[in-house]
Amino acid sequence: MPVEEFVAGWISGALGLVLGHPFDTVKVRLQTQTTYRGIFDCMVKTYRHESLLGFFKGMSFPIASIAVVNSVLFGVYSNALLVLTATSHQERRAQPPSYTHVFIAGCTGGFLQAYCLAPFDLIKVRLQNQTEPRAKPGSPPPQYRGPVHCAASIFQAEGPRGLFRGAWALTLRDTPTLGIYFVTYEWLCRQFTLDGQTPSSGTVLVAGGFAGITSWVAATPLDVIKSRMQMAGLKQRAYGGLLDCMVSSARQEGLGVFFRGLTINSARAFPVNAVTFLSYEHLLLSWG
Ligand SMILES: CN(C)C(=N)NCCC[C@H](N)C(=O)O
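- The chain goes by Solute carrier family 25 member 45 in an unreviewed UniProt entry, where it is assigned to Capra hircus.
- Per UniProt, the comment on the chain under Sequence similarities (unreviewed entry) is "Belongs to the mitochondrial carrier (TC 2.A.29) family."
- Word for word, the UniProt comment on the chain under Subcellular location (unreviewed entry) is "Mitochondrion inner membrane".

This is the structure in structure tokens:
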């Protein structure tokens, strides 16, 4: 099994992550808290209350973990294509796989990455939702002191299953949308590249950026539900399941709730995924 794809996926995931984390914090807060009037209001309040550091809350942990998840996604995707088409990454430019194969390989990567991602994503969302400013003398400490403390507290309060809160919504979000992600990327690369040639860096940037936007547009409704279910263990609001969360969110806040965070998510998705695909393709090219 070729492992370069896993390593390239890890490095490119880490690069994309640093670039996208401030957008991600604003998105998570807009989706789970009702105190903000919009993106700008959330950014101003976060900056005033918590300084620039507020945007980077919970980032050290995803660098070490979500980058690994990206490595699972790209590694499984590439190896699934190898099984389906018997071609390596290098051979696929000359013998491009069908879009059906790309979609199946993307869904397989999305399904497997969701289970690796679930506990890490839960901890990230819980830490990003702590709006207390950095510790000042006399101020009450935040509920979680950091990722390890957060994981231990969830484990203690809710048991091992608590660490997988929202995992089902995450799997439903990621399985089809990662199929869409890789199909969009491949389709755009092929539109702007001569047959058998390697796509230029500009093409990879644009195709990666739009693949990110398209997949996140499709993923946003379940992303909102996933984030709410992840916060439900903490807030008094408990949901009877995924469907109950969907119905009660729509009843209380209207159908618009399913698109909360869509603008900021799309603004984040372009640079993050442009950089992720560019570094991934370059690393694989340079390793031969
Ligand atoms: C719609 N979904 C879930 C995705 N497209 N996921 C893969 C993109 C990963 C990238 N680090 C990001 O966070 O955008």
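**Here's the deal with the UniProt feature "transmembrane region" (unreviewed entry) in the chain**
- The positions that UniProt labels "transmembrane region" (unreviewed entry) are, in the present scheme, residues 61-84.
- With 100% helix and 0% strand, residues 61-84 has end C-alpha atoms that lie 34 Å from one another.

**Details of the site of the ligand**
- The ligand sits among Arg173, Asp174, Thr177, Leu178, Tyr181, Ser215, Trp216, Ala219, Arg268, Val272 and Asn273.
- At a separation of 3.0 Å, a nitrogen atom of the ligand approaches a polar side-chain atom of serine 215.
- A distance of 2.9 Å is found between an oxygen atom of the ligand and a side-chain nitrogen or oxygen belonging to arginine 268.
- For the ligand, whose accessible area on its own is 380 Å², the fraction buried by protein is 89%.
- Of all elements in the fold, only α6 (167-191), α7 (201-232) and α9 (262-286) reach the threshold of two or more residues within the shell around the ligand.
- It is α6 that provides the largest number of residues to the shell around the ligand, a total of 5 residues.
- Across the shell around the ligand, the residue classes break down as 5 nonpolar, 3 polar and 3 charged.

**Here we look at the confidence of the model for the chain**
- Residues at a pLDDT of 70 or more form 95% of the chain, whose mean pLDDT is 89.
- When mean pLDDT is taken per element in the chain, α6 scores highest with 97 and helix α1 (residues 4-32) scores lowest with 86.
- Listed scores for the predicted complex are pTM 0.85 and ipTM 0.97.

**Considering the side chain of arginine 228**
- The topology assignment puts arginine 228 in helix α7.
- One polar contact links arginine 228 to serine 249, side chain to side chain, over a distance of 3.3 Å.
- Not counting chain neighbours up to four residues away, the residues in contact with arginine 228 comprise Gln31, Thr32, Tyr239, Cys245, Ser249, Glu253, Val257 and Arg260.

**Notes on unusual backbone geometry**
- Phi is positive for serine 51, which is not a glycine, with a value near 65°.
- Following the sequence through the fold, serine 51 ends up in the loop between α2 (39-50) and α3 (60-85).

**What about the state of the cysteines?**
- Within the structure shown, the criterion is met by 0 disulfides.
- In this model cysteine 116 remains outside any disulfide bridge; the closest cysteine sulfur is found in cysteine 107, 16 Å from its own.
- Overall, cysteine 116 belongs to the partly exposed group, its relative accessible area being 31%.
- Free of any disulfide, cysteine 245 has its nearest cysteine sulfur in cysteine 150, 19 Å distant.
- Here cysteine 245 falls in the buried class, since its relative accessible area comes to 0%.

**Quick word on the nonpolar core**
- In terms of nonpolar packing, the biggest core is built from 21 residues, with Leu73, Phe74, Tyr77, Tyr181, Phe182, Tyr185 and Phe277 touching the most fellow members.
- Within the residue set of this core, elements represented by two or more residues are α3, α4 (99-128), α6, α7 and α9.
- Among residues more than four places away in sequence, those in contact with phenylalanine 182 are Leu73, Phe74, Tyr77, Val102, Gly106 and Phe277.
- Membership of the second largest hydrophobic core comes to 12 residues, among which are Val224, Met229, Tyr239 and Ala250.

**Describing the environment of glutamate 5**
- On the secondary structure map, glutamate 5 appears in helix α1.
- When the C-alpha atoms of glutamate 5 and serine 78 are compared, they prove to be 6.9 Å apart, with 73 residues separating the residues in sequence.
- Ignoring anything within four residues of it in the chain, the contact list for glutamate 5 reads Phe74, Gly75, Ser78, His89, Tyr280 and Leu284.

The rules we used
- Residues numbered from 1 in each chain as written.
- Predicted model: local features only at pLDDT ≥ 70, side-chain atom pairs only at ≥ 80, totals over all residues.
- Heavy atoms only, no water.
- UniProt positions renumbered as here; feature names shortened; annotations may be inferred.
- Helix = DSSP H or I, 4+ residues; strand = E, 2+ residues; numbered from the N terminus.
- Near = heavy atom within 4 Å.
- Polar contact = N/O pair within 3.5 Å; in protein donor to acceptor, adjacent residues only side chain to side chain.
- Areas by Shrake-Rupley, 256 points an atom, 1.4 Å probe, with all protein chains shown as cover.
- Nonpolar A, V, L, I, M, F, W, Y, C, P; charged D, E, K, R; others polar.
- pLDDT = per-residue confidence, 0-100.
- Contact = heavy atoms within 4.5 Å.
- Disulfide = S-S within 2.5 Å.
- Buried < 20%, exposed > 50% of the residue type's maximum accessible area, 1.4 Å probe, protein only.
- Core = buried A, V, L, I, M, F, W, Y, C linked by side-chain atoms within 4.5 Å.

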